[in-house]
Each structure stands twice: as structure tokens, then as C-alpha cells.
Amino acid sequence: MASTSRDPSVLSAAVLLMCICFTHIMLVLSSSKAIPTGFTVHVIHRDSPVSPLYNPLETQFDRFYNAYNRSISRINRFRPTWKTNYSKAVQSDMVPSAGEYFMEISIGTPSVSLLGIADTGSDLTWVQCKPCEECYEQKPPLFDPRKSSTYKNVPCGSSSCHALDISERVCDQEQNACKYSYYYGDRSSTKGNLALENFNIGVSTRSPVSFPNLVFGCGHNNVGTFDYVGSGIIGLGGGPLSLIKQLGKSIRGKFSYCLAPLAAESSASSTIIFGSVTESKTNAAAVSTPLVNKDPSTYYYVTLEAISVGDKRLAYGGSSLSPTATKKGNIIIDSGTTLTFLDSEFYYSLESTLEEAIEAKRVSDPQGLLSPCFEAGKDMGIDLPIITFHFTGADVKLQPWNTFAQVQENMVCFTIIPSNDIAIFGNLSQMDFLVSYDLEEKTLSFMPTDCTNL
């Protein structure tokens, strides 16, 4: 059995601190700066003591189970329904309350500062706008396009309007204005005008980065389960209207993030990098795997070939597994889902292998949600294996804090769970890696990194 490279006391602290950082809604702080080939934005965890969403009455275990529930809700956004065509179904099943990061921007002239959910699983950026026919309550002021000298409606015949699915757009013939409508799985929705506006990112710094004439949705009718501190969604997905695709050449089709584990009283931040990573940040060896082109183009797909528990390798696919487990692009990389989901039949083989590898008493999760779980003892003196995800061309070795969580004082549970149809590599598995997307070369890279010092 492969063991961790850290002693039990360090593992205890590592697994413990991970429990409070599963809920990855993040708020951008004042730390954006220009770098030669891009710019960085430092973000802070929702449950950090410095976050406006921090709830001191919640325990670290409460936060983990809340994150579990959001992961279950969020996976529904990736599932098409039988009632609609495929492209429409993807939008219909998105659950915006499952977004995990907040990002600060300003838009317009004069500019208005806003917070939006930064989401690698969404394309269109939209914010609440005045006048509101019906809007959810938000803490920041609403954007009023009538007061901005740089606001312009997108014409109906434009390529930007036609980048929306036909079911998501309608033309206001009188104004020649393209209107959008998105419906989410929890009956949340946003409707409004597709528009052009000036965006500033890193607005709380002395040197924000400005981008003119970005396409976004100015939502005049927005209802549902949105957080009161947010103004909408910032799309970081792979589709044509996403912020990443619109920034295009200015960031060379590249962006990265590094998610830092947080201790209970820590204010350590995580980082999003738009553009190339500077050489000073790339000290460790990175491994890369191809991004796979699939519909819908919003999501980032890679191919998982096998998983190893210590030295025992289990092929991901073949025999009785579902067909999606044997095809290219069989798993989605998502920063907005906390847990990792794997094919159910494969998962049960993995669970059995874990039980053989871990020399500790198996116990039951008191919430009945996670399995397997193990008795850890007061000092967390338990030897947990390295788990390696073998993507095409890239072996990503996950430490125990990427794959296990302490759910009670004397219990740890596996944080990878089964799914009958969709596999997702969640953000817990990505922590302490610099995860880099290159949309020009169509690669995804992982580099082990101390994200607290990036």
C-alpha cells in the first residue's frame, strides 16, 4: 500500500483544514495586478473569516455537508432532459446557486462595481440591470445601462446574437435588439438584452485591467436562488460568448487557477491568472492532457483512462461500465463542483480497493452520504494512500487532503462519489495544483503548487 509523504500529525492538520474549504464560493479581493503576459486576481474562500458570507455559527463539518449538497445540486446542470433538444437542455438544467466563486468587476462609464459568480461551467456573463421587472435581492447596486455612455444593445443579426441557441434568443424588431432568456433547473431564470459594455477586472486595485465592448446579458427579469452578495454570473466556459473566449488574443487563450486549502482561522487566498503563467510561478513539473471537443462547448472535457490506489491500477472503462466511461472526453473538469463524481460501477471497484488498502476500521458516515469512511483516532493517525488519476498523457497524484475529509472528530470519509451518468473532476481534487487551460493548444495542465504562496 502506498502511504502519504507526510507524518500523521501533519496529515491530521491537512485533512482537518480541508473540511472548511470545500465550499468554494470565492470573493475577489483587491489584488489584481498587471503581469507581462496577463493579470492575476486573488480570490478568497466563502467560509474564510474575512468573507462577507462567513457564518461563525457553522462548524467545519456543517460547511463540508453544505458543500456536499451543493455538489449534488450542481451535477444536475450537466444533465440534459428528455423534454428538450440537447443544447437547450444543458441550459435548462443549470443550477446557479451551485456556483462556487465570486469575482469582482466593474462595468460601464462611469463604472459600477459588481460581484458575479465566476463559473467555468457557464458561457454568457450576465448581471442584473435597471429597470427590473422582477429581480432577486442583491447587496451591490444594480447596473443602470441608461446611465452608461458606453452601453450598446447587440443587433439581432449580429454573430453574437446568433451565438445563442435559437431557443435562448428573440429579436425586438422595433429596437433591433437581441434579447436572451436562460432557464435553470431549479426554476431560476434570467431574461434581458444582449449588450456590449466596457469591463474592468480587479477594480479594487490601483491598476484594474480594462476590456472594451464585451458581450454580456443585461438582465431585467431575474428570479431564483441567487446569493444576495452577487449580481449575476461571469462565464469562464469554453463557448463563444464566455469571458475567456472574448478576451481571446489579449490572454492568448490561456487562464489558470490555483485553489489554496484554508485553515480555520486563515485568510490565505487563491488565485486566478488570465493569460500565461510567468516563469517564476512554474518551478515544478507540469503534466498535460488534451482537451476534447464535445457538445456542448461550454464544458471542459478530458479523458480519464485509469485510477491507481497506491500501486494498484484500475482501468476506467471496459466490461460492464457505462458507454461514457470508455469514450474520449469522459470526464468534465469543473471548478464549481466541490466533490469528484465517477461512474458508479467503477466506483464500487474503487471502494473495494480502498478498503483493502487502508488498515483502519471501516465505519458509517452518520449522515449516510459518504462511503467508505474509516475510524481515524483522536490524533488522525491513519495511513491513507496516494490516489493517481491517469488522464491521457498526464498522471495526477492526489494527496489524501484531495480525496478524504474529516466528517467527525474521529472519522474520515472518501470524498469521491458515484454517478450513474456523468463524471466530474471537482475542485477538492484540484486543490494545491496550478490548473492551466490553453484553449489555443487545446490542453489542460496540472502542476503541484503551494497555492498559498503563488
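Our subject is the structure that appears above.
Residues numbered from 1 in each chain as written. Predicted model: local features only at pLDDT ≥ 70, side-chain atom pairs only at ≥ 80, totals over all residues. Heavy atoms only, no water.

By definition, a disulfide links the sulfur atoms of two cysteines through a covalent bond. Per the counting criterion, the structure on display carries six disulfides. Disulfide pairing places Cys161 opposite Cys178 at an S-S distance of 2.2 Å. Linking Cys161 and Cys178, the disulfide has an S-S dihedral of approximately 80° and is accordingly described as right-handed. Of this pair, Cys161 sits in helix α4 (residues 159-162) while Cys178 sits in strand β10 (residues 177-183), and the two are 17 residues apart along the sequence. An identical accessibility class is assigned to Cys161 and Cys178; each is buried. With a sulfur-sulfur separation of 1.9 Å, Cys373 is cross-linked through a disulfide to Cys413. When the S-S torsion is 105°, as for the bridge of Cys373 with Cys413, the disulfide is right-handed. One end of the pair, Cys373, is in strand β23 (residues 373-375); the other, Cys413, is in strand β27 (residues 411-414), with 40 residues separating them in the sequence. As far as the burial class goes, Cys373 and Cys413 line up, both buried. (Disulfide = S-S within 2.5 Å. Helix = DSSP H or I, 4+ residues; strand = E, 2+ residues; numbered from the N terminus. Buried < 20%, exposed > 50% of the residue type's maximum accessible area, 1.4 Å probe, protein only.)

So, on to the packing of aromatic side chains. Summed over all chains, the structure comprises 22 aromatic pairs. Look at Phe389 and Phe391: their rings are 6.0 Å apart centre to centre, the planes differ by 35°, and that puts the pair in the tilted class. Three or more aromatic residues joined by ring pairs form one cluster here, namely Phe389, Phe391, Phe425, Phe433 and Phe446. (Phe/Tyr/Trp six-rings, centres within 6.5 Å; stacked < 30°, edge-to-face > 60°.)

Enumeration according to the criterion identifies eight salt bridges in this entry. The shortest N-O distance in the salt bridge between Asp144 and Arg146 comes to 3.0 Å. The residue Glu356 makes a salt bridge to Lys312 at a minimum N-O spacing of 3.7 Å. With a gap of 44 residues between them, Glu356 in helix α6 (residues 344-357) and Lys312 in strand β19 (residues 312-315) connect regions that are remote in the sequence. Each of Arg74, Asp119 and Asp334 takes part in one network of salt bridges that share partners. (Salt bridge = Lys/Arg side-chain N within 4 Å of Asp/Glu carboxyl O.)

All right, on to the sheet that holds β23 then. Across the sheet, four strands lie side by side as β22-β23-β27-β26; this open sheet has antiparallel pairing. At either margin of the open sheet sits one strand with a lone partner, and together these are β22 (362-363) and β26 (404-408). Strands β22, β23, β26 and β27 of the sheet are contacted by α6, whose axis makes an angle of about 145° with β27. (Pairing = 2+ DSSP bridges. Contact = heavy atoms within 4.5 Å. Axes fitted to C-alpha atoms, helices over the stretch in contact; angles between N-to-C directions.)

Any link to function would need more than the numbers given here.
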